[in-house]
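Read off the chains here:
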Amino acid sequence: MGKGQRNRAQSARDRIVAQQAAAKRSDRRRQTLIAGGSIATVLVIVVVFIVVKSLGGTSATASGGSANGDPQPAVAKAITSVPASILDAVGSGPTGTNKLSPLISVPNAPALTQGGKPEVLYVGAEYCPYCAAERWAMTVALSRFGTFSGLHFTHSSSTDAYSSTPTLTFYKSSYTSKYLSFTPVEWFNRNGNATSDTLQAPTAAQMAIFTKYDAAPYVPSTSAGSFPFVDFGNKYLIVGAQYLPSIFGTQSNPTTALLGISWAQVAKDLQSSKSPVAQNVLGAANMMTAGLCKLTNNQPANVCSSAAVTAGASGL
């Protein structure tokens, strides 16, 4: 390896270390909740949700962070129907100082399926800024294989790193596809600092996958249990974001000010292949799409034979 390659590799490692350091607050908070969990606590949460539902509670109220995210039909339409020409023009995944976690290959693992289709399992939280960033790319990629409904828009925590990153939430959304099954678990709401902030506790089967693959040797032991976690049919993983949340105008140091760009501006930027938002979000989406095409045996053909997927595959 030449000196230039060593420097680039070290730079990439430094950026990943920086991401992990910025996320420690979120990880400690989440790990404390997991460690303190018990069957009794789960039963209490179930009872609370039943009571809330019986009293007519809405998804916006229950989801905490989603309360400030009324439906944005124009934004949802824009991010779920990005033109193929723009995706092709962007090409491979994030580059330069924004590039973080790649897709991780999982060799010789049993296929993860649901209903006879490859399953994509996402585990994240509404407070998490890296989840906030990654959801944009996930939504673009998955929309090439199926249809979302019920997407709502919110921000990551106002007191965490990259405070109030603009994003969407998968909580109470739905996804239909003849090629894939998508299972989102938004574990905690935007507050995310108490057991009462739980939105969707993982099932035992989901927790087993999360515990097995969100750990060494797939990620460094110091990063075990990090959000977001995405399992692509047990063939590829994403642990952490593929790019920095700062592309949305937020800062690494916590601040209560809303410094991020609007949801509408994100949607607008995704229509220009030259914008930093598009180059990162759509580049990451192209890498995901290439991985998803491996799961679907290159179906649909018009997607999996596209220039975007060919470019994205180079990053797998």
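To be clear, the structure that these remarks concern was listed above.
Quick notes on the rules
- Residues numbered from 1 in each chain as written.
- Predicted model: local features only at pLDDT ≥ 70, side-chain atom pairs only at ≥ 80, totals over all residues.
- Heavy atoms only, no water.
- Helix = DSSP H or I, 4+ residues; strand = E, 2+ residues; numbered from the N terminus.
- Buried < 20%, exposed > 50% of the residue type's maximum accessible area, 1.4 Å probe, protein only.
- Contact = heavy atoms within 4.5 Å.
- Areas by Shrake-Rupley, 256 points an atom, 1.4 Å probe, with all protein chains shown as cover.
- Axes fitted to C-alpha atoms, helices over the stretch in contact; angles between N-to-C directions.
- Parallel < 35°, antiparallel > 145°, perpendicular 65-115°, else oblique.
- Left-handed = near helix turned anticlockwise from the far one by under 90°.
- Nonpolar A, V, L, I, M, F, W, Y, C, P; charged D, E, K, R; others polar.

Asks: What am I meant to see in the overall build of the protein chain here?
Replies: When you go through the protein chain residue by residue, the secondary structure sums to twelve helices and ten strands. When burial is assessed residue by residue, the protein chain has 51% of its 316 residues classed as buried. In the protein chain, the share of contacts with a sequence separation of at least 24, taken over all contacts with a separation of at least 6, comes to 76%. When the accessible area of the protein chain is evaluated, it comes to approximately 13700 Å², of which 56% is carbon and sulfur surface.

Asks: Sorry, what's going on with unusual backbone geometry here?
Replies: Residues apart from glycine generally show negative phi values, whereas peptide bonds are mostly found in trans. In this structure, P217 follows A216 across a cis peptide bond, with omega equal to 10°. Here P217 shows up in the loop between α8 (204-213) and β9 (229-232). Note the cis peptide between Q299 and P300, where omega equals 0°. For N108, which is not a glycine, the phi torsion comes out positive at approximately 60°. Along the chain, N108 falls in the loop between β1 (104-105) and β2 (113-114).

Asks: What is the right way to read the packing of helix α7 (residues 129-142) against helix α10 (residues 276-295) from this model?
Replies: Packed helices, taken two at a time, are described by the angle between their axes plus the distance between the axes. Running from N to C, α7 and α10 cross one another at 50°; their axes reach a closest spacing of 8 Å. It follows from the interaxial angle that α7 and α10 lie oblique. By crossing handedness, the relation of α7 to α10 is classed as right-handed. Of α10, the residues touching α7 (which contributes E134, W136, A137, M138, V140, A141 and L142) are V281, L282, A284, A285, M288, T289 and L292. Its residues assigned to classes, the contact of α7 with α10 comprises twelve nonpolar, one polar and one charged.

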